[in-house]
Amino acid sequence: MDTLLIWLHVVGNLVWIGAILAVGVTILGKSGDPKTRGEIALGIYTRLAVPAFVVSFVFGMARLLTDPSYYLKQHHWMHAKLPLALIVIALHHVIGGRAKKLARGTVQDAGPAATLTAVLAVAAIGAAFFAIYKDQVIH
């Protein structure tokens, strides 16, 4: 059961992070008008990024709650991973919000989407780093 929860969490992460990065790249594109880019980005956000985020979050929380002592007391790598994951979640919502505003035509530029997308990518890489190298980095 643990392996299944971890596998679903990781697969959700792969699709989620790829999709939300695609939303940021689409917003920042130069082809087409901002409203059209926003509509395309919003489609990626609602059809890929949000469902994959839900899968990642639900199965990650399920795994964490099956043995919180293991993750939060015995192995301190989760203390580094969780804040980075929270940053990614927050930026996911901000980038998705920008896509919605562009799609509605309430804004005409990408705003801080380039910076936010880059920060999201770095935070996601950092979270993955701590999860993969958990036994080698933090004791």
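Definitions and cut-offs
Residues numbered from 1 in each chain as written. Predicted model: local features only at pLDDT ≥ 70, side-chain atom pairs only at ≥ 80, totals over all residues. Heavy atoms only, no water. Salt bridge = Lys/Arg side-chain N within 4 Å of Asp/Glu carboxyl O. Helix = DSSP H or I, 4+ residues; strand = E, 2+ residues; numbered from the N terminus. Buried < 20%, exposed > 50% of the residue type's maximum accessible area, 1.4 Å probe, protein only. Expected span 1.5 Å × (residues − 1). Bend = angle between axes of the 7 residues up to and from the residue. Polar contact = N/O pair within 3.5 Å; in protein donor to acceptor, adjacent residues only side chain to side chain. pLDDT = per-residue confidence, 0-100. Phe/Tyr/Trp six-rings, centres within 6.5 Å; stacked < 30°, edge-to-face > 60°.

Digging into the pattern of salt bridges
With the rule as written, the count across this model stands at three salt bridges. Ionic pairing is found between Arg-63 and Asp-2, a salt bridge with its closest N-O pair at 3.6 Å. With Arg-63 in helix α2 (residues 34-66) and Asp-2 in helix α1 (residues 2-28), the pair connects residues that are 61 residues apart, well separated along the chain. Among the residues examined, Asp-2 registers a relative accessible area of 38% and is labelled partly exposed. With a closest N to O distance of 2.8 Å, Lys-35 and Glu-39 form a salt bridge. Here Lys-35 pairs with Glu-39, and both are found in helix α2, just four residues apart, close to one helical turn. The exposure class of Glu-39 is partly exposed, given its relative accessible area of 40%.

So, α2
It helps to recall that an α-helix has 3.6 residues per turn; residues three or four apart then point in one direction. With 33 residues, α2 extends 45 Å between its outermost C-alpha atoms, agreeing within 8% with the 48 Å of an ideal straight helix rising 1.5 Å per residue. Of all the bends in α2, the largest measures some 40° and sits at Tyr-45. Where α2 begins, the capping side chain belongs to Asp-33, and its oxygen is found 3.2 Å from the backbone nitrogen of Lys-35.

Regarding the confidence of the model for the chain
Looking at the chain, the pLDDT average stands at 94 and 97% of residues meet or exceed 70. Per-element confidence in the chain ranges from a low mean pLDDT of 70 for helix α6 (residues 134-137) to a high of 97 for α2.

A few points about the packing of aromatic side chains
Per the counting criterion, the structure on display carries six aromatic pairs. Ring centres of Tyr-71 and Trp-77 lie 5.8 Å apart, and the angle between their planes is 80°; this geometry places the pair in the edge-to-face category. Each member of the pair, Tyr-71 together with Trp-77, is buried. Ring plane angle 80° and centroid distance 5.4 Å describe the contact between Phe-129 and Phe-130, whose orientation is recorded as edge-to-face. Residue classification places Phe-129 among the partly exposed residues on the basis of a relative accessible area of 38%.

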